[in-house]
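One-letter residues, chain by chain:
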Amino acid sequence: MVEIKIFPLIGIEIEGIGIINLGEEKAAVEKILGLPTSVYDNRSFYDDYEFRIDYDKSNKIEFIEFTYGPFPEKSKVSIYNIDPFTIGAENLMNLLTDENKGEIDDSEAEFCYAFKETSIGIYRETTQNDVEKMIIEMKENNDYEENKDWVQDDLEKAKNFWTIGIGIKGYYK
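Residues numbered from 1 in each chain as written. Predicted model: local features only at pLDDT ≥ 70, side-chain atom pairs only at ≥ 80, totals over all residues. Heavy atoms only, no water.

On to a nonpolar patch on the surface, then. On the surface, Phe7, Leu9 and Ile10 cluster together into a nonpolar patch covering about 250 Å² of accessible area. Residue classification places Phe7 among the partly exposed residues on the basis of a relative accessible area of 33%. (Patch = residues over 30% accessible without salt bridge, like charges linked within 9 Å, V, L, I, M, F, W, Y side chains within 5 Å. Areas by Shrake-Rupley, 256 points an atom, 1.4 Å probe, with all protein chains shown as cover. Salt bridge = Lys/Arg side-chain N within 4 Å of Asp/Glu carboxyl O. Buried < 20%, exposed > 50% of the residue type's maximum accessible area, 1.4 Å probe, protein only.)

And the structure:
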């Protein structure tokens, strides 16, 4: 697994590859990383590193998002020296809140948060509580045992956020 360090408001460092800075031009990124696996509009996807890069109208990086959490297969990501995909959702929220020291957009609370001062965003599709409620309902309907494997996978996945991204200063303002 390639190790990738996230530095909010700055960029990322990919072990053995180099540094990609927010605001960097697309041509410079492609010189370092090569051509993306796929491109959609202003987004370049790099499957080998399990992230995507969003460019502004001037083809400069405005956002980098790690989209393979909480079970990445090719990368090991860290932010503030912790793995955001294994620390647990509540612990990650506490850490990012402490580091943000300012306003947080929690309009989609429990699923998505934007830390406005540090330009960090986190997302998950479901929470641990949601899956636990589903398990109770499945047990009441006698559906749990036949679906146990995937439900337990979902429960494990719901314990953490699924994506983390960093943007340029003011990205969420």
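From this point on, the discussion continues.
So, about the environment of Ala89. Position of Ala89 relative to the elements: it lies in helix α2 (residues 89–100). Setting aside anything within four residues of it in sequence, one finds Ala89 in contact with Arg124, Lys159, Asn160 and Phe161. (Helix = DSSP H or I, 4+ residues; strand = E, 2+ residues; numbered from the N terminus. Contact = heavy atoms within 4.5 Å.)

To continue, consider the environment of Ala109. Mapped onto the elements of the fold, Ala109 is located in the loop between β9 (104–108) and β10 (112–115). For the pair Ala109 and Tyr123, spaced 14 residues apart in sequence, the C-alpha to C-alpha distance is 9.7 Å.

Let's shift gears to the pattern of salt bridges. Applying the stated criterion across every chain, the model contains eight salt bridges. A salt bridge links Lys74 to Asp48, with the shortest nitrogen-to-oxygen separation between them at 3.7 Å. Here the residue Lys74 occupies a position in the loop between β7 (61–66) and β8 (75–79), and Asp48 occupies one in the loop between β5 (43–46) and β6 (51–55), the gap between them amounting to 26 residues. On the basis of relative accessibility, which here comes to 39%, the residue Lys74 falls in the partly exposed class. One salt bridge connects Arg52 with Asp54, and the closest N-O pair in it is separated by 2.7 Å. Each of the two residues, Arg52 as well as Asp54, counts as buried. It is possible to trace a salt-bridge network through shared partners that takes in Arg43, Arg52, Asp54 and Glu65.

Two elements in contact, helix α3 (residues 128–140) and helix α4 (residues 144–158), have axes whose closest approach is 9 Å; the angle formed by their N-to-C orientations is 170 degrees. Relative to α4, α3 is oriented roughly antiparallel. Across the interface between the two elements, Gln128, Val131, Glu132, Met134, Ile135, Met138 and Lys139 of α3 pack against Tyr144, Asn147, Trp150, Val151, Gln152, Asp154, Leu155 and Ala158 of α4. Residue classes in the contact of α3 with α4 are distributed as nine nonpolar, three polar and three charged. (Axes fitted to C-alpha atoms, helices over the stretch in contact; angles between N-to-C directions. Parallel < 35°, antiparallel > 145°, perpendicular 65-115°, else oblique. Nonpolar A, V, L, I, M, F, W, Y, C, P; charged D, E, K, R; others polar.)

A few words now on the nonpolar core. Grouped together as the largest cluster of nonpolar side chains are 31 residues, with contacts concentrated most on Ile12, Phe51, Ile64 and Phe66. Looking at which element gives the most residues to this core, the answer is α2, with four residues. Non-local contacts of Ile12, meaning those with residues more than four positions away in its chain, are made with Ile4, Lys5, Ile6, Gly18, Ile19, Ile20, Phe51, Ile64, Phe66 and Ile166. One finds Val131, Ile135, Val151 and Leu155 within the second-largest nonpolar core, a separate group that totals seven residues. (Core = buried A, V, L, I, M, F, W, Y, C linked by side-chain atoms within 4.5 Å.)

It is generally the case that most residues other than glycine have a negative phi and that most peptide bonds are trans. With an omega of 0 degrees, the peptide bond running from Gly69 to Pro70 counts as cis. Along the polypeptide, Pro70 turns up in the loop between β7 and β8. Phi is positive for Lys101, which is not a glycine, with a value near 50 degrees. Along the polypeptide, Lys101 turns up in the loop between α2 and β9. The exposure class of Lys101 is exposed, given its relative accessible area of 66%.

The subject of this paragraph is the sheet that holds strand β1 (residues 2–7). Taken in spatial order, the four strands of this open sheet run β3-β2-β1-β8, and their pairing is mixed. The strands lining the two open edges of the sheet, one partner per strand, are β3 (18–21) and β8. Across this sheet, the average inter-strand angle for adjacent strands is 20 degrees, counted without regard to direction. Sheet analysis places β1 next to strand β2 (residues 11–14), joined by four bridges and oriented antiparallel. Looking at the pairing, Ile6 lines up with Ile12 of β2. (Pairing = 2+ DSSP bridges.)

What is shown is where atoms sit, not what they do.
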